[in-house]
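# Residue-level structure breakdown
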Amino acid sequence: MALGRKDASNAEMLKGTLDMMVLRTLVTGDAHGHTIAKVIERGSEDVLEVEQGSLYPALHRLEDRGWVSSYWGTSENNRKAKFYKLTAAGRKQLVRETDRWRQMARAIALVMGEKTLIAEEDV
């Protein structure tokens, strides 16, 4: 994942979150790579830019781990496209990743003195 036109210094911190975001995107249904990238970009209010050079290796990695499966279908512009589907194992992994991410975000907020964020999460 890259932040190309955005703040590239954030790319290092976001490493490792792409898999979680891809899994989260697939909760709503099967999708091909372009759609996955656009959903992540729109969902981040265009702060994140998902590049093909990061997305497709992540999709292959998730497929190798059994967290997504794929099949060939036709895209909305009538082109052959590979679609990705979240597996039951992928749903379980998403729960684990989300819990870990929330724990890390809370820990960072504590260190940074973000009392408001922590108070909201604890409610």
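Everything numeric in this text was worked out from a predicted model, so none of it was measured. Per chain, residues are indexed from 1 in the order of the written sequence. Totals for whole chains, interfaces and linings use every residue, but because this is a predicted model, local features are given only for residues with pLDDT of at least 70 and side-chain atom pairs only at 80 or more, for both listing and counting. Side-chain measures here rest on the full set of heavy atoms in the structure, leaving out hydrogens and waters.

On to the overall build of the chain, then. Per the secondary structure count, the chain includes 6 helices and 3 strands. The secondary structure elements of the chain, listed N-terminal to C-terminal, are α-α-β-α-α-β-β-α-α. Looking at the chain residue by residue over its 123 residues, the buried ones come to 36%. By definition, residues are in contact when any of their heavy atoms lie within 4.5 Å. Within the chain, counting contacts between residues at least 6 apart in sequence, those at least 24 apart form 49% of the total. Carbon together with sulfur atoms contributes 53% to the accessible area of the chain, which is approximately 8000 Å² in total. Here a strand is any run of E in DSSP of at least two residues, a helix any run of H or I of at least four, and the numbering for each starts at the N terminus. We call a residue buried when its accessible area falls under 20% of the maximum for its residue type, exposed when it is over 50%, and partly exposed in between, using a 1.4 Å probe and counting protein chains only. Residue-level accessible areas treat just the shown protein chains as cover; the underlying method is Shrake-Rupley with a 1.4 Å probe.

This part takes up the pairing of strand β2 (residues 68-74). Pairing between two strands is assigned when DSSP locates at least 2 bridges connecting them. With 7 bridges connecting them, β2 and strand β3 (residues 80-86) associate as antiparallel partners. Opposite S70, over in β3, you have Y84 as the bridge partner.

Another point: the pattern of salt bridges. When a carboxyl oxygen of Asp or Glu lies within 4 Å of a side-chain nitrogen of Lys or Arg, that pair is called a salt bridge. If you walk through the whole model with that rule in mind, you get 4 salt bridges. Here R61 ties to D19 by a salt bridge, and the two come within 2.7 Å at their closest N and O atoms. Of this pair, R61 sits in helix α4 (residues 52-64) while D19 is found in helix α2 (residues 18-26), placing the two residues 42 residues apart along the sequence. D19 sits in the buried class, given a relative accessible area of 12%. Each of D19, R61 and R65 takes part in a single network of salt bridges with overlapping partners.

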